[in-house]
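# Notes for the structure review
Listed here are the chains, written in short residue letters.
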Amino acid sequence: ARAIKYRQENQEAVGGFFSQIGELYVVHHLWAYKDLQSREETRNAAWRKRGWDENVYYTVPLIRTMESRIMIPLKISPLQ
């Protein structure tokens, strides 16, 4: 949650969810980008912000597995 402030500038955060049923505390973050280029630019900009590296440093030891998916919104989605 502390790291969200570093990423609010571009309003790419769509949602964050975690499970309490099934496999516990699986975290899902949804981010929306115009395209893959803007995704790369936004993520690189986060590394230039003071404090972002500290947030990553404390978060990484908590991760057991991680995967990334690119999803394309349907035409009816408000995320167009």
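This structure is a prediction, so every number in the text was calculated from the model and none was measured.

## Examining the confidence of the model for the protein chain
Detail in the predicted coordinates should be disregarded across regions flagged by low pLDDT. Per-chain confidence: the protein chain averages 85 in pLDDT, with 95% of residues scoring 70 or above. Per-residue pLDDT, averaged within each element of the protein chain, yields its smallest value for helix α1 (residues 4-7) (72) and its largest for helix α2 (residues 36-47) (89).

## Considerations on α2
One turn of the α-helix equals 3.6 residues, which is why residues spaced by three or four share an orientation. Taking 1.5 Å per residue, 12 residues should reach 16 Å; α2 reaches 17 Å between its end C-alpha atoms and fits that length. Among all positions of α2, only Ser 38, Thr 42 and Ala 46 are buried. Buried residues in α2, looked at end-on, bunch into an arc of 80 degrees, giving them a common side. Elements in contact with the buried residues of α2: α1 and α3 (52-59). Among the residues of α2, the N-terminal cap falls to Asp 35, whose side-chain oxygen and the backbone nitrogen of Gln 37 are separated by 3.2 Å.

Quick notes on the rules
- Residues numbered from 1 in each chain as written.
- Predicted model: local features only at pLDDT ≥ 70, side-chain atom pairs only at ≥ 80, totals over all residues.
- Heavy atoms only, no water.
- pLDDT = per-residue confidence, 0-100.
- Helix = DSSP H or I, 4+ residues; strand = E, 2+ residues; numbered from the N terminus.
- Expected span 1.5 Å × (residues − 1).
- Buried < 20%, exposed > 50% of the residue type's maximum accessible area, 1.4 Å probe, protein only.
- Arc of directions from axis to C-beta.
- Contact = heavy atoms within 4.5 Å.
- Polar contact = N/O pair within 3.5 Å; in protein donor to acceptor, adjacent residues only side chain to side chain.

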